[in-house]
Amino acid sequence: MEELWMKIRYYRSDDNIKPLISEAVENIDPECYSQEQQKHLEEVIPEMNLEFAEKDRYSYFVAKQNGKIVGVAGFQKEKGTVAGIFVDSIHQGEGIGRELMQKIEEKTKEEALDEIKTLASLEAVDFYNKNGYKVTEEKKQDIEGKDIGIKVMTKYL
């Protein structure tokens, strides 16, 4: 595998992260959710993450390569919860998600938390498993007015 050079830094309000998040959500495996659920996720997830990125209680990171944002990850500090990890489809499998996850875990330790949780979409479960997370609960989560199947996953640090 070719060495990937990228820079990961904190999100800034002039970062245009919405197109990357939109593209990532649009490319969710159609086996994971019904068409109605998928359409709802496409409508609410990009805007919801953009709103989270602007709030103080969240830390958002962007991964840039050659001046282009290729990954975004968020973390809700007081709850020790991953708010989402999104990687440009062209760059999936290159370790960007793993690097973003490591940044979030570093931030978790800085916050003196000993565990980190995520509300994983059904498609993201394998990614989190590969990064040491275990399913601790399966449930329906109200995401902006619709119940969506997710898996609560936890990693002890």
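Values in this document were obtained by computation on a predicted structure and should not be read as measured data.

**Here's the deal with the pattern of salt bridges**
Then, number 1: Under the criterion given, the structure shown has 13 salt bridges.
Then, number 2: Between Lys146 and Glu36 there is a salt bridge, with the nearest N and O atoms lying 2.7 Å from each other. Residue Lys146 is found in strand S7 (residues 146-156), and its partner Glu36 is found in helix H2 (residues 35-53); the two are separated by 110 residues along the sequence.
Then, number 3: Look at Lys146 and you get partly exposed, because its relative accessible area is 28%.
Then, number 4: Using a relative accessible area of 52% as the deciding quantity, one classes Glu36 as exposed.
Then, number 5: Residues joined by salt bridges that share partners form a network here, namely Lys107, Glu110 and Glu111.

**As for the layout of surface pockets**
Then, number 1: Each pocket or cavity is described by its volume, and for the largest pocket that value is around 1300 Å³.
Then, number 2: Lining the largest pocket are 48 residues, and of these Gly84, Ile85, Ser121, Ala124 and Tyr128 lie nearest its centre.
Then, number 3: Elements supplying a minimum of two residues to the lining of the largest pocket: helix H1 (18-26), H2, strand S4 (81-87), helix H3 (96-110), strand S5 (115-121), helix H4 (125-130), strand S6 (134-143) and S7.
Then, number 4: By residue number, the principal contributor to the lining of the largest pocket is S4, which donates seven residues.

**Digging into the nonpolar core**
Then, number 1: Grouped together as the largest cluster of nonpolar side chains are 23 residues, with contacts concentrated most on Ile17, Leu41, Ile45 and Val72.
Then, number 2: At the level of secondary structure, the elements contributing two or more residues to this core comprise H1, H2, strand S2 (58-65) and strand S3 (68-76).
Then, number 3: Ranked by residues supplied to this core, first place goes to H2 with six residues.
Then, number 4: Grouped together as the second largest cluster of nonpolar side chains are 21 residues, Ile8, Ala73, Leu100 and Tyr128 included.

**Considering the environment of Ser121**
Then, number 1: Here Ser121 is to be found in strand S5.
Then, number 2: For the pair Ser121 and Asn49, spaced 72 residues apart in sequence, the C-alpha to C-alpha distance is 14 Å.

**Section: the environment of Gly71**
Then, number 1: Tracing the chain through its elements places Gly71 in strand S3.
Then, number 2: Take Gly71: its relative accessible area is 0%, and that puts it in the buried class.
Then, number 3: C-alpha separation for the pair Gly71 and Asp88, spaced 17 residues apart in sequence, amounts to 6.1 Å.

**Structural notes on H3**
Then, number 1: Counted at 1.5 Å a residue, the expected span for H3 with its 15 residues is 21 Å, and the 21 Å between its end C-alpha atoms agrees.
Then, number 2: Buried residues of H3: Ile96, Gly97, Leu100, Met101, Ile104, Glu105, Lys107 and Thr108, and no others.
Then, number 3: Backbone geometry just downstream of H3 places Ala112 in the positive-phi region, at approximately 60°.

**Section: the packing of H1 against H2**
Then, number 1: At their nearest, the axes of H1 and H2 sit 9 Å apart, and the two run at 155° to each other. Taken together, the axes of H1 and H2 lie roughly antiparallel to each other. With respect to the hand of their crossing, H1 and H2 are arranged in right-handed fashion. Facing H1, whose interface residues are Lys18, Ile21, Ser22, Val25 and Glu26, H2 presents Gln38, Leu41, Glu42, Ile45, Pro46, Glu47, Asn49 and Leu50.

Reading guide: rules and limits
- Residues numbered from 1 in each chain as written.
- Predicted model: local features only at pLDDT ≥ 70, side-chain atom pairs only at ≥ 80, totals over all residues.
- Heavy atoms only, no water.
- Salt bridge = Lys/Arg side-chain N within 4 Å of Asp/Glu carboxyl O.
- Helix = DSSP H or I, 4+ residues; strand = E, 2+ residues; numbered from the N terminus.
- Buried < 20%, exposed > 50% of the residue type's maximum accessible area, 1.4 Å probe, protein only.
- 1 Å grid on protein atoms, 1.4 Å probe; cavity = no way out; pocket = protein on both sides within 12 Å on 5 of 7 lines; lining within 4 Å.
- Points joined across faces, edges and corners; volume = space filled by probe spheres on them.
- Core = buried A, V, L, I, M, F, W, Y, C linked by side-chain atoms within 4.5 Å.
- Expected span 1.5 Å × (residues − 1).
- Axes fitted to C-alpha atoms, helices over the stretch in contact; angles between N-to-C directions.
- Parallel < 35°, antiparallel > 145°, perpendicular 65-115°, else oblique.
- Left-handed = near helix turned anticlockwise from the far one by under 90°.
- Contact = heavy atoms within 4.5 Å.

Without other data, these values stay purely geometric and don't point to any function.
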